[in-house]
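So the chains spell out like this:
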Amino acid sequence: MAYSPFRKYPFIETAFARRLQAKLHDSWDNRSWHLLVADPGAGKTTAIHDLQKRAGGRSVLAVVAPKNREDEQALGDQFFSALGLSLKGHWRTRKPKLMGHLHQYGTEFLIVDDAHDLSMPHLMLLKEVTDQGKLHYDHQLGVCLVAAGRGNTIPLKEILDQPEPTWLQWRRRLDSMQPFCRIASHTSEEVREILATLEVVFQPLLPQLNLRRWTSSIYDWLTQPSLDPTRSGRVTIDNLMKLVIAALEWSYEAKALDVQITWLEQAAELLVLRHDTLWIIDGAAPGMETDQAEILSPAQESETQAEQVSSSKEEQKIPPSGSTEQAPLAQSWKKTETPPATTDKCTFSGEVQIALQRFEESGVARVECPGCGRVWTLSPSGGVLRFKSHDKRKMNTPNTGRRWARGERETDWNEVGA
């Protein structure tokens with residue numbers, strides 16, 4: 001199987017990366033100490049690598065906390081390796097020289113990634129080396145410990161809260177105003193910003209790529225409890241890229257010009273509903289053609305392409321905000337099981353009988369199909385609201401949120417939902 005062109009892409013300066021790097025720069029400039037916490041998969045390591053690369057030289061030294069080794073030498077060897085120095089010789093003779101090397105190379109700022117894995121000996125080494133630098137070289141170092149954690153948890157706090165003098169001194173070195181900081185992941189608008197950047201990055205492969213119109217759907221999927229257990233309402237770059245890259249790969253293999261909602265729904269289902277599924281690999285290994293056929297049948301593909309051609313002019317207009325999106329918004333999943341996929345068309349399409357003045361004054365643009373329950377975000381076109389022909393909604397979970405709805409055999413449309 002050929003290597004996917006979507007698996008390698010340049011560094012994307014996301015809102016999270018800007019927040020994290022701004023705090024790191026602040027710590028570097030003021031030589032202060034901080035413990036920074038962010039969600040797993042938020043993009044901490046990538047942002048740290050970019051900062052170190054742009055800093056140049058060894059003024060910023062970033063290492064990863066040792067795993068499964070609690071002795072101080074494990075962390076010390078990480079610093080020696082980051083400086084490009086040999087690990088030969090006994091640790092007793094190399095340890096006193098560590099701060100001298102940091103002073104010689106002009107190191108001003110230390111970053112320890114995966115700091116939640118640090119042990120007491122590791123923390124003691126940090127204190128000892130930085131104390132030595134201030135005493136013998138008048139060389140003050142800024143230190144940032146970057147850890148993964150969810151909710152309001154503060155890694156290492158149990159160690160730092162101990163009453164022994166060593167930990168009281170260690171705690172005193174932390175910044176007096178903001179010792180512990182949480183770097184938040186992405187909001188819905190920040191997800192839209194990332195999707196806009198991905199459109200530029202991957203447009204050579206998918207010339208008509210328009211990801212921003214699916215912002216609301218993608219945000220809803222990625223804030224499900226399985227991916228956002230603390231209900232923070234924030235999206236990590238890791239989950240976002242997994243969903244989008246999978247859909248882009250399938251679109252590219254199908255020789256499509258743009259990504260389709262069918263592929264995005266399939267990727268979201270695999271990520272949200274089946275993230276704990278045990279897949280059985282047996283027999284002949286399936287090829288890309290087999291995998292693609294399972295994702296989208298030929299009948300679905302022809303219908304999707306026909307719909308894309310008929311509405312290409314409308315889809316090329318990128319809405320200014322999520323409240324005026326023209327595309328249908330697939331609903332979030334609340335259960336762990338879904339009915340089998342079907343290619344049947346919904347029986348309802350055409351004009352929606354809602355007075356335009358009433359519709360616009362309500363401020364609610366989401367309209368629920370009375371036939372299958374799929375929710376669309378509509379805007380007036382030619383003085384009317386209109387549903388396009390569409391496949392039946394695959395989910396049987398109830399819709400939530402404010403929307404316009406009516407029964408299948410009723411005539412009046414009303415606002416429903418919280």
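Here, every reference points to the structure presented above.
Summarised in this report is the structure supplied together with it.

Reading the values: the criteria
Residues numbered from 1 in each chain as written. Predicted model: local features only at pLDDT ≥ 70, side-chain atom pairs only at ≥ 80, totals over all residues. Heavy atoms only, no water. Helix = DSSP H or I, 4+ residues; strand = E, 2+ residues; numbered from the N terminus. Buried < 20%, exposed > 50% of the residue type's maximum accessible area, 1.4 Å probe, protein only. Salt bridge = Lys/Arg side-chain N within 4 Å of Asp/Glu carboxyl O. Polar contact = N/O pair within 3.5 Å; in protein donor to acceptor, adjacent residues only side chain to side chain. Contact = heavy atoms within 4.5 Å. 1 Å grid on protein atoms, 1.4 Å probe; cavity = no way out; pocket = protein on both sides within 12 Å on 5 of 7 lines; lining within 4 Å. Points joined across faces, edges and corners; volume = space filled by probe spheres on them. Axes fitted to C-alpha atoms, helices over the stretch in contact; angles between N-to-C directions. Parallel < 35°, antiparallel > 145°, perpendicular 65-115°, else oblique. Left-handed = near helix turned anticlockwise from the far one by under 90°. Nonpolar A, V, L, I, M, F, W, Y, C, P; charged D, E, K, R; others polar. Pairing = 2+ DSSP bridges.

1. Overview of unusual backbone geometry
Part 1 of the argument: With a phi close to 65°, Asn68 is a non-glycine residue in the positive phi region.
Part 2 of the argument: Assignment of secondary structure puts Asn68 in the loop between strand E2 (60-64) and helix H3 (72-82).
Part 3 of the argument: Judged by its relative accessible area of 83%, Asn68 is exposed.

2. Re the pattern of salt bridges
Part 1 of the argument: Evaluated as defined, the whole model comprises 22 salt bridges.
Part 2 of the argument: In this structure, Glu193 engages Arg18 in a salt bridge whose closest nitrogen and oxygen atoms are separated by 3.0 Å. Here Glu193, found in helix H9 (residues 188-202), pairs with Arg18, found in helix H1 (residues 15-30); they are 175 residues apart in sequence, far enough to count as distant.
Part 3 of the argument: Here Glu193 falls in the partly exposed class, since its relative accessible area comes to 33%.

3. Examining the side chain of Asp50
Part 1 of the argument: The residue Asp50 is located in helix H2 (residues 44-55) in this model.
Part 2 of the argument: Of note is the side chain of Asp50, whose polar atom sits 3.0 Å from the side chain of Gln21.
Part 3 of the argument: The contact partners of Asp50, leaving out residues within four places of it in the chain, are Phe11 and Gln21.

4. Let's talk about the layout of surface pockets
Part 1 of the argument: Space inside the second largest pocket adds up to approximately 420 Å³.
Part 2 of the argument: If you trace the second largest pocket, you find 21 residues lining it, with Phe11, Gly43, Thr46, Ala47 and Ile237 closest to the centre.
Part 3 of the argument: Among the secondary structure elements, those contributing two or more residues to the lining of the second largest pocket are H1, H2 and helix H11 (237-253).
Part 4 of the argument: It is H2 that provides the largest number of residues to the lining of the second largest pocket, a total of seven residues.

5. Some details on the packing of H1 against H2
When two helices pack together, you describe them by how their axes are tilted relative to each other and by the distance separating the axes.
Part 1 of the argument: Look at H1 against H2: their axes get within 9 Å of each other, and the N-to-C directions meet at 50°. Taken together, the axes of H1 and H2 lie oblique to each other. Relative to H2, H1 is oriented so that their crossing is right-handed. Of the residues in H2, those touching H1 at Phe16, Ala17, Leu20, Gln21, Leu24, His25 and Trp28 are Lys44, Ala47, Ile48, Asp50, Leu51, Arg54 and Ala55.
Part 2 of the argument: Here the residues of the contact of H1 with H2 are counted per class, giving nine nonpolar, two polar and three charged.

6. Some words on the sheet that holds E2
Part 1 of the argument: Strand order across the open sheet formed by five strands is E2-E3-E4-E1-E5, with parallel pairing between neighbours. This sheet does not close on itself; its edge strands, each paired only once, are E2 and strand E5 (180-182). Going across the sheet, the axis of each strand differs from the next one's by a mean of 20°, ignoring polarity.
Part 2 of the argument: One ladder, built from three bridges, connects strand E1 (residues 33-38) with E5; its direction is parallel. By the bridge assignment for E5, Leu36 is matched with Cys181.

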